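# Observations on the model geometry
Each chain is listed here by its residues.
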Amino acid sequence: MIINIKLGEKMIDTKDKVLHSLEEYDIKPSYQRMQVLEYLMSDDSHPTADVIYKNIHSKSPVISKATVYNTLNLFVKKGLISTMMTDKLEARYDIVTSDHGHFVCKKCGRVYNFEYEQKNKCKYMNLDGFDIENEEIVLKGICKDCKTVD
Ligand SMILES: [Zn+2]
Ligand SMILES: [Zn+2]
């Protein structure tokens, strides 16, 4: 089941959507889980667990780092969110679970989503006998925002 959030679209009725998503993925809604999911829905920059923790913590200091990490792991396990790795090998969390590519900016570190066509047209060599479970397209370079700063 793909979560119904269009790339870059602003959220309306976030609370409803948060509750609905948790329910849909069979996750018991607790206050902390709602906070984590609400944050993920508001930040499409593919934040790290640390960034997610710091942002939520600044608004409600009672939340612990362990709670945030455990919640993220649970969301990933249930398929509610996805993860990707950057060069620094830190997991970045992504509210979008449908197929999409990532553009990693080498300057600001932001990860952008993009859609693409011609999926699976790529031919892989030397992988006879391997089961490919998912295909990730990751492009690297300098994003538009960073280019205009120069
Ligand atoms: Zn950038
Ligand atoms: Zn993404």
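Please refer to the structure placed before this passage.
Values in this document were obtained by computation on a predicted structure and should not be read as measured data. Within each chain, residues carry numbers counting from 1 in the order of the written sequence. Both sets of labels track the order of writing: A upward for chains, 1 upward for ligands. For this predicted model, a pLDDT threshold of at least 70 governs which residues receive local features, and a threshold of 80 or more governs which side-chain atom pairs are given and counted, while totals over whole chains, interfaces and linings are taken from all residues. By convention in this description, side-chain values take in all heavy atoms of the structure and omit both hydrogens and water.

### Overview of the overall build of the protein
What counts is decided by this rule: Only runs of H or I of at least four residues qualify as helices and only runs of E of at least two qualify as strands under DSSP, and these elements are numbered from the N terminus. Exposure categories follow from relative accessible area, calculated using a 1.4 Å probe and restricted to protein chains: below 20% of the type maximum is buried, above 50% is exposed, and the middle band is partly exposed. Residue contacts are defined here by distance: any two heavy atoms, one from each residue, within 4.5 Å place the two residues in contact. Note on areas: these come from Shrake-Rupley sampling with a 1.4 Å probe, and a residue is covered only by the protein chains present in the view.
Within the protein one finds five helices and five strands. Start at the N end of the protein and walk to the C end: the helices and strands fall as α-α-α-α-β-β-β-β-β-α. Within the protein, buried positions represent 33% of all 150 residues. Partitioning the contacts of the protein with sequence separation of at least 6, the portion at a separation of at least 24 is 50%. Accessible surface computed for the protein: about 10400 Å², of which carbon and sulfur atoms make up 51%.

### With respect to the coordination of the zinc ion (ligand 1)
In ideal tetrahedral geometry, four donors around a metal make angles of 109.5 degrees, whereas ideal octahedral geometry with six donors gives angles of 90 or 180 degrees. Basically, it comes down to this: In this listing, donors mean N, O and S atoms no farther than 2.8 Å from the metal, or 3.2 Å for Na, K and Ca; water is missing from the atoms, so a site can look incomplete. For a four-donor site, all angles between 85 and 135 degrees give tetrahedral; for four or six donors, opposite pairs above 155 degrees with the remaining angles between 65 and 115 give square planar or octahedral; all remaining cases count as irregular.
Coordination of the zinc ion (ligand 1) by the protein is provided by Cys105 (SG), Cys108 (SG), Cys143 (SG) and Cys146 (SG), with metal-donor distances spanning 2.3 Å. Taken together, the four donor atoms coordinating the zinc ion (ligand 1) span angles of 104 to 119° at the metal, a pattern that classifies the geometry as tetrahedral. Here the donor residues of the zinc ion (ligand 1) are spaced in sequence according to C-x2-C-x34-C-x2-C. Taken individually, Cys143 and Cys146 each receive the classification buried, so the pair is uniform in this respect.

### Things to note about the side chain of His46
As a reminder, the rule being used: Whenever a nitrogen or oxygen atom comes within 3.5 Å of another N or O atom, the pair is scored as a polar contact, on the condition that within protein one atom can donate a hydrogen and the other can accept it, and that pairs from neighbouring residues in sequence are kept only if both atoms are in side chains.
Position of His46 among the secondary structure elements: in the loop between helix H2 (31-42) and helix H3 (49-59). Reaching out from His46, the side chain makes a polar contact with the side chain of His102 at a distance of 3.1 Å. A distance of 2.9 Å separates the side chain of His46 from the backbone oxygen of Val111, its partner in a polar contact. Sequence-distant contacts of His46, that is, excluding residues within four places in its chain, are made with Met84, Arg92, Tyr93, Asp94, His100, His102, Val111, Tyr112 and Asn113.

### As for the sheet that holds strand E4 (residues 111-114)
Selection rule: Between any two strands, pairing holds if DSSP finds at least two bridges. An axis is simply a line fitted to the C-alpha atoms; with a helix, the fit covers only the stretch in contact. Between two such axes, the angle follows the N-to-C directions and lies from 0 to 180 degrees.
Here we have three strands laid out as an open sheet, ordered E4-E3-E5, and mixed in their pairing. Lying at the two open borders of the sheet, with one neighbouring strand each, are E4 and strand E5 (138-141). When strand polarity is set aside, the average angle formed by the axes of neighbouring strands in this sheet is 25°.

### As for the packing of aromatic side chains
Heads up, the condition is: For Phe, Tyr and Trp, where Trp contributes only its six-membered ring, two rings pair if their centres lie within 6.5 Å, and the inter-plane angle classes them as stacked under 30 degrees, edge-to-face over 60, or tilted in between. Remark: a charge is flagged as sitting over a ring if the NZ atom of Lys or the CZ atom of Arg is within 6 Å of the ring centre and within 35 degrees of the ring normal.
For the structure shown, the criterion picks out two aromatic pairs. Relative to Tyr112, the ring of Phe103 has its centre 6.4 Å away and its plane inclined at 65°; by these criteria the two rings are edge-to-face. For Tyr112, a relative accessible area of 24% gives the class partly exposed. The ring of Tyr112 has Arg110 lying over it, and the distance from NZ or CZ to the ring centre is 4.9 Å.

### Brief notes about the pattern of salt bridges
Here is the rule we go by: Take a side-chain nitrogen of Lys or Arg and a carboxyl oxygen of Asp or Glu: if they are within 4 Å of each other, that pair is a salt bridge.
In the structure shown here, the tally under the stated rule is five salt bridges. The salt bridge partner of Asp44 is Arg110, with a shortest N-O separation of 3.1 Å. Of the two residues, Asp44 is situated in the loop between H2 and H3 and Arg110 in the loop between strand E3 (101-105) and E4; the sequence distance between them amounts to 66 residues. In this structure, Asp50 engages Lys54 in a salt bridge whose closest nitrogen and oxygen atoms are separated by 3.0 Å.

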